[in-house]
Amino acid sequence: MIGKPLVSVIVPVYNIEKYVDACISSIIDQTYKNIEIIIVDDGSVDDSGRLSDEWEKRDHRIKVIHQENKGVSAARNAAMRICTGEYLIFVDGDDMISNDMIESLYQASQKTKADCIFCQYEIIGPNEKEFHSTKEIEDEGFIVNTEEAQLRLLNHIDIVSVVWNGFYKTALIKDLLFIEGKKNEDVMWRYLEIERCKTIGYISYKLYGYRMREDSLMHQKFSLKDFDNLEGTVNRADYIIKHYENLRDTAITNIISDCTTYYIRAKKLLEGEEKKEALLRIRYYRKKYPVKFKEVMKAKNLSKGRKYLVALACISFPLASYVKFWIIDGGNKNLKR
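Residues numbered from 1 in each chain as written. Predicted model: local features only at pLDDT ≥ 70, side-chain atom pairs only at ≥ 80, totals over all residues. Heavy atoms only, no water.

Participant: How do you make sense of the overall build of the chain when you look at a structure like this?
Facilitator: A tally of helices and strands in the chain yields 13 helices and nine strands. Relative to its length of 337 residues, the chain is compact, with a C-alpha radius of gyration of 21 Å against a globular reference of 20 Å. Across its three principal axes, the chain shows a C-alpha extent of roughly 60 × 45 × 35 Å. Taking the intrachain contacts of the chain between residues at least 6 apart in sequence as the baseline, contacts between residues at least 24 apart amount to 81%. When the accessible area of the chain is evaluated, it comes to approximately 15,800 Å², of which 51% is carbon and sulfur surface. Of the side-chain charges in the chain, 52 are positive and 51 negative, and the distance between the mean point of each set is 8 Å. (Helix = DSSP H or I, 4+ residues; strand = E, 2+ residues; numbered from the N terminus. Rg over C-alpha atoms; globule rule 2.2 N^0.38 Å. Contact = heavy atoms within 4.5 Å. Areas by Shrake-Rupley, 256 points an atom, 1.4 Å probe, with all protein chains shown as cover. Lys, Arg positive; Asp, Glu negative; His and termini not counted. Charge placed at Lys NZ, Arg CZ, Asp CG, Glu CD.)

In structure tokens, the structure reads:
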């Protein structure tokens with residue numbers, strides 16, 4: 001490991017005492033040893049903070065920050081301000097990574113010379129204690145330029161709006177802090193991070209274990225706060241429209257597609273003034289970003305699924321919303337009051 005650069009690992013922790021040990025164990029057991037681990041206890045009221053302190057005593061590479069509860073964005077920002085690694089990764093405190101994740105991403109970055117590298121992830125259950133990488137075939141990886149990466153992000157091809165499957169050059173993103181107080185903050189950060197990179201790499205190995213648990217943010221009841229995600233989609237579209245004319249249709253149809261998702265959730269899960277406000281927001285975005293059937297069908301850089309969904313929305317927005325809900329999203333198994 002002599003001569004290899006330091007990699008910073010940022011781990012936000014909040015009321016996840018059941019998962020802290022498995023998460024930190026998966027990080028300290030990395031085959032790549034030259035790492036610093038910054039755990040940010042975001043005002044936990046359970047044993048998460050104490051467990052983090054115990055890990056700090058056991059491994060000199062670990063530093064723990066305790067702060068009042070401000071949210072995951074503030075926790076990540078606190079760590080980014082003090083990290084010293086040449087490279088940086090994010091690991092949520094209830095997830096796990098394969099013991100060769102950092103080594104694999106580092107090797108891929110050296111081979112491709114990309115400014116950032118993404119890997120695949122696998123969903124793991126709430127009680128799993130270990131996670132191992134999935135490498136079914138040899139993967140040389142590939143690299144794309146910034147515009148192609150933005151297109152893949154908009155079409156959800158290989159690159160998605162999460163931050164924890166990436167390996168970043170710290171110098172490129174150290175001052176790109178997360179917007180605090182927002183839900184689904186990854187959407188508002190990922191496209192800006194990509195914009196700072198000239199080349200973006202991708203490998204198909206599943207190196208990150210994303211834990212699906214009932215009390216996670218993804219499973220909390222639907223509210224107007226969830227519209228932060230739609231706001232992020234709109235902000236991203238505004239940026240793309242301004243800087244990438246070829247991706248204009250892709251960005252706008254991304255908004256309409258997301259609106260169909262939120263329309264059903266608002267109709268089924270919200271009530272009273274909150275429901276009224278949600279539907280007004282959706283109506284506002286549809287009016288601000290109009291789409292026409294013929295233009296959608298002729299548009300390039302759209303996945304077939306997106307094209308047909310938005311084309312249907314031009315004919316009947318409610319029908320398109322229900323089609324997406326039942327056929328694409330799997331129906332009411334995804335809904336929670």
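Participant: Would you mind showing me how to read the side chain of S98 here?
Facilitator: Inspection of the secondary structure puts S98 in the loop between β5 (96-97) and α4 (101-112). Those residues in contact with S98 that lie beyond four places of it in its chain are Q30, F131, H132, S133 and L207.

Participant: Quick question: what am I supposed to make of the pairing of strand β9 (residues 199-211) here?
Facilitator: Within a regular strand, side chains alternate between the sheet's two faces. In terms of burial, β9 is largely enclosed, as ten of its 13 residues are buried. Bridge count between β5 and β9: two bridges; the pairing is antiparallel. Within β9, the position partnered with I97 by the bridge is Y208. In this structure, strand β7 (residues 142-145) lies alongside β9, joined through four bridges in antiparallel fashion. If you follow N145 over to β9, its bridge partner there is T199. (Buried < 20%, exposed > 50% of the residue type's maximum accessible area, 1.4 Å probe, protein only. Pairing = 2+ DSSP bridges.)

Participant: Just checking my understanding: could you explain the state of the cysteines for this structure?
Facilitator: Such a bond, covalent and formed between the sulfur atoms of two cysteines, is termed a disulfide. Counting across every chain of the model gives zero disulfides. Not part of a disulfide, C83 finds its nearest cysteine sulfur in C197, a span of 15 Å. This cysteine, C197, is not joined by any disulfide, and C116 carries the nearest cysteine sulfur, 3.6 Å off. In this structure C197 comes out as buried when scored by relative accessible area, which is 3%. (Disulfide = S-S within 2.5 Å.)

Participant: I'm lost on helix α3 (residues 72-82) in this one. Help?
Facilitator: Note that an α-helix has 3.6 residues per turn; residues three or four places apart therefore point the same way. In terms of burial, α3 is largely enclosed, as eight of its eleven residues are buried. Turning to α3, its buried residues number three or more, namely S73, A74, A75, R76, N77, A78, A79 and M80. Residues of α3 that are buried in the fold lie against β1 (7-13), β2 (35-42), β3 (62-67), β4 (87-90), α6 (170-173) and α7 (186-195).

Participant: Would you mind showing me how to read the packing of helix α8 (residues 227-243) against helix α10 (residues 272-288) here?
Facilitator: A pair of packed helices is characterised by two quantities: the angle between their axes and the separation of those axes. It is at 12 Å that the axes of α8 and α10 come closest, and there the two elements cross at 10°. Of the possible angle classes, the one that applies to α8 and α10 is roughly parallel. Here α8 and α10 pass one another in a crossing that is left-handed. Contacts between α8 and α10 pair F227, L230, E231, V234 and D238 from the former with A278, R281, I282, Y285 and K288 from the latter. Its residues assigned to classes, the contact of α8 with α10 shows six nonpolar, no polar and four charged. (Axes fitted to C-alpha atoms, helices over the stretch in contact; angles between N-to-C directions. Parallel < 35°, antiparallel > 145°, perpendicular 65-115°, else oblique. Left-handed = near helix turned anticlockwise from the far one by under 90°. Nonpolar A, V, L, I, M, F, W, Y, C, P; charged D, E, K, R; others polar.)

Participant: Explain the pairing of β3 to me, please; I cannot follow it from the model alone.
Facilitator: Where β2 lies against β3, six bridges are found, and the strand directions are parallel. Counted as the bridge partner of D42 is Q67 from β3. Each parallel crossover has a hand, and for β2 linked through helix α2 (residues 48-58) to β3 it is right-handed. (Right-handed = clockwise from strand over helix to strand, strands pointing away.)

Participant: Any chance you could explain the packing of α8 against helix α9 (residues 248-269) here in plain terms?
Facilitator: Two elements in contact, α8 and α9, have axes whose closest approach is 8 Å; the angle formed by their N-to-C orientations is 170°. In this view, α8 runs roughly antiparallel relative to α9, as classed from their interaxial angle. Residues F227, N229, L230, T233, V234, R236, A237, I240 and I241 of α8 form the contact with α9, whose own contacting residues are R248, A251, I252, N254, I255, D258, C259 and Y262.

Participant: What is the right way to read the side chain of D226 from this model?
Facilitator: Relative to the elements of secondary structure, D226 occurs in the loop between β9 and α8. When its relative accessible area of 11% is taken as the criterion, D226 is described as buried. There is a polar contact of 3.2 Å between the side chain of D226 and the side chain of K183. At 2.9 Å, the side chain of D226 forms a polar contact with the backbone nitrogen of S223. (Polar contact = N/O pair within 3.5 Å; in protein donor to acceptor, adjacent residues only side chain to side chain.)

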